[in-house]
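Remarks on the overall topology
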Amino acid sequence: MPMELSFYYAAVPAVILVGLAKGGMGDALSLIGLPFLALVVSPVQAAAILLPILIFMDMISLAIWRKHGDWTTLNIMLPGALFGIALGWATSALVPGNVLRVVIGVVTVLFCLRYFWSNYGPGAGKHTPPHEQRPLLATIWGSLSGYGSFVAHAGGAPFQIYALPLQMQPREYTGTSVRFFAILNAVKLVPYFALGQLDTHNLATSATLLPFAPLATIAGAWCVRRMKPAIFYPFMYAMALIAAVLIAKEGLGF
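The structure presented is a predicted model; accordingly, all values stated were derived computationally and were not measured.

The rules behind the values
Residues numbered from 1 in each chain as written. Predicted model: local features only at pLDDT ≥ 70, side-chain atom pairs only at ≥ 80, totals over all residues. Heavy atoms only, no water. Helix = DSSP H or I, 4+ residues; strand = E, 2+ residues; numbered from the N terminus. Buried < 20%, exposed > 50% of the residue type's maximum accessible area, 1.4 Å probe, protein only. Contact = heavy atoms within 4.5 Å. Areas by Shrake-Rupley, 256 points an atom, 1.4 Å probe, with all protein chains shown as cover. Phe/Tyr/Trp six-rings, centres within 6.5 Å; stacked < 30°, edge-to-face > 60°. Lys NZ or Arg CZ within 6 Å of the ring centre and 35° of its normal. Expected span 1.5 Å × (residues − 1). Core = buried A, V, L, I, M, F, W, Y, C linked by side-chain atoms within 4.5 Å. Patch = residues over 30% accessible without salt bridge, like charges linked within 9 Å, V, L, I, M, F, W, Y side chains within 5 Å. Salt bridge = Lys/Arg side-chain N within 4 Å of Asp/Glu carboxyl O. pLDDT = per-residue confidence, 0-100.

Glancing now at the overall build of the protein chain. Scanning the protein chain from N- to C-terminus turns up 11 helices and zero strands. Starting at the N terminus and walking to the C terminus, you meet the elements of the protein chain as α-α-α-α-α-α-α-α-α-α-α. Every one of the 254 residues in the protein chain was classed for burial, and the buried ones make up 50%. Pairs at least 24 residues apart make up 87% of the contacts formed inside the protein chain by residues separated by at least 6 positions. For the protein chain, the computed accessible surface area is about 11,800 Å², with 72% contributed by carbon and sulfur atoms.

Structure below.
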């Protein structure tokens, strides 16, 4: 088990950033945190170490946001997401994760830039009404989220592309996101075990980092609960944009 101080200098900030994201502060913080851990261990081992911690954070987030969430969105996105995980498991040795990172990153950058242009560019000021539920698009983006979550740890951006335009209240959006990814992370345990990524060595390392998870997750939820929609949505789109750039940058090898 890696016990050198250099490991914890990277691992502790990574867990704190991921915990803030799990509390509802946006996927970008999680994507900023993951490279910290990948500085001191391989990306595959970093994912294996973080998965049990993510599931522990999911349990805390589910308790915090237990009264919030949109079941209609979950019901139409989850079947596609589960299919995406299964497809990722079946093709994990065939499809380079970097290809998916680049595609998801570029699409999400365009999606976020369109939002900022519409709301803050020339001629801005017109209110964009919330999108209606669209089962076909929900299945497509849900599948990409499940697939991206499994092969490239990039499932947040496709979820946001579908869910953010619905313009749910911040607490409802966060509760929906928490439930969605809690289910995905729990399902991912099976293929991760099958691929041999969750051994006793990595699980023991995960246990040493668990104490940092609850405080970070609670802190993220505390911030979201105090955000008005006028602040929450620009912040979330900004986080999605940063996440997309980081995803694309990693996919291109920069």
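Moving on from the coordinates now.
This part covers the packing of aromatic side chains. Any two aromatic rings considered together are summarised by their centre-to-centre distance and by the angle between their planes. Within this structure, the stated rule accounts for 13 aromatic pairs. Taking the centre distance of 5.8 Å and the plane angle of 70° together, the rings of Y173 and F232 count as edge-to-face. In this pair, Y173 is assigned in helix α8 (residues 170-194) and F232 in helix α11 (residues 229-252), connecting sequence segments 59 residues apart. Per residue, the accessibility class of Y173 equals that of F232, and both read buried. When the ring of F180 is compared with that of F181, the centres are 4.9 Å apart and the planes differ by 85°; the resulting orientation is edge-to-face. By way of ring pairs, the aromatic residues F159, Y173, F180, F181, F232 and Y233 are connected into one cluster. One residue, R225, lies across the ring of W65, its end atom 4.6 Å from the ring centre.

Here we take up the environment of F83. Of note, F83 is situated in helix α4 (residues 71-90). Taking the C-alpha atoms as reference, F83 lies 7.2 Å from G146; in sequence the two are 63 residues apart.

A few words now on α4. End to end, α4 covers 28 Å across 20 residues, agreeing with the expected 28 Å (1.5 Å per residue, within 8%). In the core, the buried residues of α4 are packed alongside α6 (135-151), α7 (156-163) and α8.

A separate point is the nonpolar core. Residues Y173, F180 and Y233 are the most contacted members of the largest nonpolar core, which totals 47 residues. The contacts of Y173, once residues within four sequence positions are left out, are F159, Q160, A163, L164, M168, F232, Y233 and M236. If you look at the next biggest cluster of nonpolar residues, it comprises 17 residues, including F7, V41, A46 and I53.

Attention now moves to a nonpolar patch on the surface. Side chains of L82, I183 and V187 sit close together on the surface and give an oily, nonpolar patch of about 190 Å² of accessible area. Along the chain, the position of I183 falls in helix α8. We classify I183 as partly exposed; its relative accessible area is 31%.

This part covers the confidence of the model for the protein chain. Of the residues in the protein chain, 87% reach a pLDDT of 70 or more, and the chain-wide mean stands at 83. Of all helices and strands in the protein chain, the one with the weakest mean pLDDT is helix α2 (residues 27-38) (66), whereas α4 scores best (94).

Under the defined criterion, the tally for this structure stands at one salt bridge. When the shortest N-O distance is used, the salt bridge between K22 and D58 registers 2.7 Å. You can see K22 sitting in helix α1 (residues 5-25) and its partner D58 sitting in helix α3 (residues 43-64), a full 36 residues away along the chain. When sorted by exposure, K22 lands in the same class as D58, which is buried.

To continue, consider the environment of E132. In this fold, E132 is placed in the loop between α5 (97-120) and α6. For E132, a relative accessible area of 62% corresponds to the exposed category. Separated by 33 residues in the primary sequence, E132 and P165 have C-alpha atoms spaced 8.8 Å apart. When neighbours within four sequence positions are excluded, E132 is seen to be in contact with Y162 and L166.

Take the side chain of S61 next. Looking at the element boundaries, S61 is found in helix α3. On the basis of relative accessible area, S61 is assigned to the buried category, the value being 1%. In contact with S61, not counting residues within four places along its chain, are K22, G23, V178 and T217.

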